[in-house]
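# Overview (structure and organization)
Okay, here's what each chain looks like letter by letter:
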Amino acid sequence: MIRVLVVDDDFMVAKVQCGFVARVPGFTVAGVAHSGAEALAEVDRLRPDLVLLDIYLPDMSGLEVLRRLREGDAVVDVLAVTAARDVNTIRTALRSGVVHYLIKPFGFDALRDRLERYAVAHHGLSGSREVVQDDVDRLFVALRPAPIDLPKGLTRPTADLVAEALRGNSGDLSATECADRVGLSRVSTRRYLEHFVGAGKAEVSLRYGSAGRPERRYRWTGGA
């Protein structure tokens, strides 16, 4: 089993991430930390294989946690799981050796894909045997996320229409607004939008009104 330490200052977010990890075969949650200092202490105590590390922590940046981990004697991999999306933060995280960088919010499928690919690389580097270049190439390919297949009932042409409507909008859209642009029902459009969120291609935020449920607003994040 690959043992995972979840680090996030938001108790509910950490709980959700723990639930996601527990659903992926071959992974188990070794512990949870809600601050940088706690994360460092738990890595030293638990010696996990992988840390899901938030960047925005109350006492220090996740980048500082990452730096200290690299300077210490713990052999641990780090997957950044954070809302931080500025180039400098991402560049620093990559240079510090994160195995991947997953931007919040995301769904289970997006995290599962990264974890499963990490598992291939992790097990491929176990033991003390020597490897050849083909082995190394396969490991690096394994860490690259693949497109997530469409769920049953969704079609690629319609998905492309919804993606184009979302991508071509400078701000965010509700399911109703997006449906009006592509000529679909709101229910059908929302299924596609939620798929993009789960695939890490879009983010969702809540807009609270004077009454009733908050409105879900979608913004494209998956590139051109």
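Notes on the structure follow. Each residue is numbered by its place in its chain's sequence as written, counting from 1. Owing to the predicted nature of the model, reporting of local features is limited to residues with pLDDT of at least 70; listing and counting of side-chain atom pairs is limited to 80 or more, with chain, interface and lining totals taken over all residues. Hydrogens and waters are ignored; side-chain quantities use all the structure's heavy atoms.

### Digging into the packing of aromatic side chains
Test applied: When two rings of Phe, Tyr or Trp (its six-membered ring) have centres within 6.5 Å they constitute a pair, described as stacked for plane angles under 30 degrees, edge-to-face for angles over 60, and tilted for the intermediate range. Secondary structure follows DSSP: runs of H or I at least 4 residues long count as helices, runs of E at least 2 residues long count as strands, and numbering of each begins at the N terminus. Note on exposure labels: buried denotes an accessible area under 20% of the residue type's maximum, exposed denotes more than 50%, and partly exposed covers the range between, all computed with a 1.4 Å probe on protein chains only.
All chains considered together, the criterion is met by two aromatic pairs. Here the aromatic rings of Phe20 and Phe108 are separated by 5.6 Å at their centres, their planes lie at 55 degrees, and the arrangement is tilted. One end of the pair, Phe20, is in helix α1 (residues 11–23); the other, Phe108, is in helix α5 (residues 108–124), with 88 residues separating them in the sequence. For the residue pair Phe20 and Phe108, the accessibility class agrees, reading buried in each case.

### Quick notes on the sheet that holds strand β3 (residues 50–53)
Condition: Note on pairing: two strands pair once DSSP finds at least 2 bridges between them. What counts as an axis is a line fitted to C-alpha atoms, over the stretch in contact for a helix, and the angles between N-to-C directions run from 0 to 180 degrees.
Spatial strand order, β2-β1-β3-β4-β5: five strands in an open sheet with parallel pairing. Across the chains shown, the open sheet's two edge strands, defined by having one partner strand only, are β2 (27–33) and β5 (100–103). Geometrically, the sheet is characterised by an average inter-axis angle of 20 degrees between neighbouring strands, direction not taken into account. Here four bridges tie β3 to strand β4 (residues 77–82), and the two strands are oriented parallel to one another. Within β4, the residue paired with Leu53 across the bridge is Ala80.

### Quick word on helix α2 (residues 36–46)
Helical geometry: 3.6 residues make up each α-helical turn, so side chains three or four residues apart lie on a common side. To be explicit about the condition: The arc in question is formed by the directions pointing from the helix axis toward the C-beta atoms. Residue contacts follow a heavy-atom distance rule, with two residues in contact if any of their heavy atoms lie within 4.5 Å. As used in this structure description, the phrase polar contact means that two N or O atoms lie within 3.5 Å; if the pair is within protein, one of them must be able to donate a hydrogen and the other to accept it, and residues adjacent in sequence are counted only when both atoms belong to side chains.
Within α2 the residues assigned to the buried category are Gly36, Ala39, Leu40, Glu42, Val43 and Leu46. One face of α2 carries all of its buried residues, which in axial projection span an arc of 165 degrees. As for α2, its buried residues are in contact with β1 (2–7), β2, β3 and α3 (62–71). Structurally, the start of α2 carries an N-cap: the backbone nitrogen of Glu38 is 3.1 Å from a side-chain oxygen of Ser35. Just past α2, the residue Arg47 takes up positive phi, approximately 50 degrees.

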